[in-house]
Amino acid sequence: SPGCHCSNIWGRELIPVSKAKNTTELPVTKVIDKNGNPVMVSGVVFYYFKNTRKAALDVLEPQTFVKDQATAVLKQIVSQYPYEHHQTGDSENDHSDDDLPCLKSDAQVISAALVKELQKRVHVAGAQIDTFKFNEVSYAPEVSAGLLKRQQAEAIITARTTLVDGAIRIASSAVSTIERKGVNLQANEKTKLVSNLLTVICSEEQVKPTLMLGTT
């Protein structure tokens, strides 16, 4: 406040607190995500001390305090989200967690949640959090093999589904084209034609369709 002030310098202790921007890097930590999978995460916090009085008097070692709180917040927030959304092929269940952000693709949304939670914890130390971002986020090594098998299975299912859908369209188009040309096919002939076409198109090896010949 304005005016003339006098203070006794004897018996005082000077505690310097810098208001410069500061960065602290959090080490890689193993956390269990919402789906129960172990993930490896690390982060970077960008902050400064807005209230130097709180930083000097209300906490011991304010920079260490911010780092410890950031580590705790990182574990808490990461455990609330899945690493990625799994497609099980069941349309009734696939949408259950689709609205929930995932660690793999929604880092910006989760970063905002990290900043909000950490700010509440370090307010007592006079710190102001600018950003809190992931430095690394990935599955733990022990689940890498299982993850690779799942990715391969998903790729095979997708490829097979595309192949079968295309084969059905080709077979249907072939039958329709033949009938438009004036060739009348019986139901059993259509069945045999479609069966042969699907066998040829969907088979991974070279096949030889068998044609039934009538008796004379």
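Here the structure is a predicted model, which is why all the values come from computation and not from measurement.

## Focus: the overall build of the protein chain
So, point 1. Within the protein chain, the secondary structure is distributed over 5 helices and 3 strands.
So, point 2. Written out in order from the N terminus, the α and β elements of the protein chain read β-β-α-α-α-β-α-α.
So, point 3. Every one of the 216 residues in the protein chain was classed for burial, and the buried ones make up 26%.
So, point 4. Pairs at least 24 residues apart make up 65% of the contacts formed inside the protein chain by residues separated by at least 6 positions.
So, point 5. For the protein chain, the accessible surface area stands at approximately 14800 Å², while carbon and sulfur atoms represent 55% of it.

## Focus on the side chain of Ser-111
So, point 1. Note on placement: Ser-111 falls in helix H3 (residues 107-122).
So, point 2. A distance of 2.5 Å separates the side chain of Ser-111 from the backbone oxygen of Phe-132, its partner in a polar contact.
So, point 3. Apart from residues no more than four positions distant in its own chain, Ser-111 is found in contact with Phe-132 and Lys-133.

## Focus: the sheet that holds strand E1 (residues 22-32)
What links the strands of a sheet is backbone hydrogen bonding, and the strands pair in either a parallel or an antiparallel sense.
So, point 1. Strand order in the open sheet formed by 3 strands is E1-E2-E3, with antiparallel pairing between adjacent strands. Each edge of the sheet is formed by a strand with only one pairing partner; in this case those strands are E1 and strand E3 (127-139). Across the sheet, the axes of successive neighbouring strands diverge by a mean angle of 20°, strand direction being ignored.
So, point 2. Inspection of the sheet shows strand E2 (residues 38-49) paired to E3 by 11 bridges, in the antiparallel sense.

## What about the pattern of salt bridges?
So, point 1. One pass over the full model with this rule turns up 4 salt bridges.
So, point 2. Glu-84 serves as the salt-bridge partner of Lys-104, at 3.4 Å between the closest nitrogen and oxygen. Taken as a pair, Lys-104 in the loop between helix H2 (62-78) and H3 and Glu-84 in the loop between H2 and H3 lie far apart in primary sequence, 20 residues in all.
So, point 3. Overall, the relative accessible area of 12% leaves Glu-84 in the buried class.

## Description of the packing of aromatic side chains
So, point 1. In total, this model carries 2 aromatic pairs according to the counting rule given.
So, point 2. Plain terms: the ring middles of Tyr-47 and Phe-49 are 5.6 Å apart, the flat faces sit at 90° to each other, and that makes the pair edge-to-face.
So, point 3. Take Tyr-47: its relative accessible area is 1%, and that puts it in the buried class.
So, point 4. Measuring from centroid to centroid gives 4.3 Å for Tyr-83 and Tyr-139, while their planes differ by 50°, and the two rings are tilted. Here Tyr-83, found in the loop between H2 and H3, pairs with Tyr-139, found in strand E3; they are 56 residues apart in sequence, far enough to count as distant. A single burial state applies to Tyr-83 and to Tyr-139, both of which are buried.

## Side note on the confidence of the model for the protein chain
So, point 1. Mean pLDDT over the protein chain stands at 83; residues scoring 70 or higher make up 86%.
So, point 2. The element-level mean pLDDT for the protein chain is lowest in helix H5 (residues 187-202), coming to 76, with H2 highest at 95.

The rules behind each value
Residues numbered from 1 in each chain as written. Predicted model: local features only at pLDDT ≥ 70, side-chain atom pairs only at ≥ 80, totals over all residues. Heavy atoms only, no water. Helix = DSSP H or I, 4+ residues; strand = E, 2+ residues; numbered from the N terminus. Buried < 20%, exposed > 50% of the residue type's maximum accessible area, 1.4 Å probe, protein only. Contact = heavy atoms within 4.5 Å. Areas by Shrake-Rupley, 256 points an atom, 1.4 Å probe, with all protein chains shown as cover. Polar contact = N/O pair within 3.5 Å; in protein donor to acceptor, adjacent residues only side chain to side chain. Pairing = 2+ DSSP bridges. Axes fitted to C-alpha atoms, helices over the stretch in contact; angles between N-to-C directions. Salt bridge = Lys/Arg side-chain N within 4 Å of Asp/Glu carboxyl O. Phe/Tyr/Trp six-rings, centres within 6.5 Å; stacked < 30°, edge-to-face > 60°. pLDDT = per-residue confidence, 0-100.

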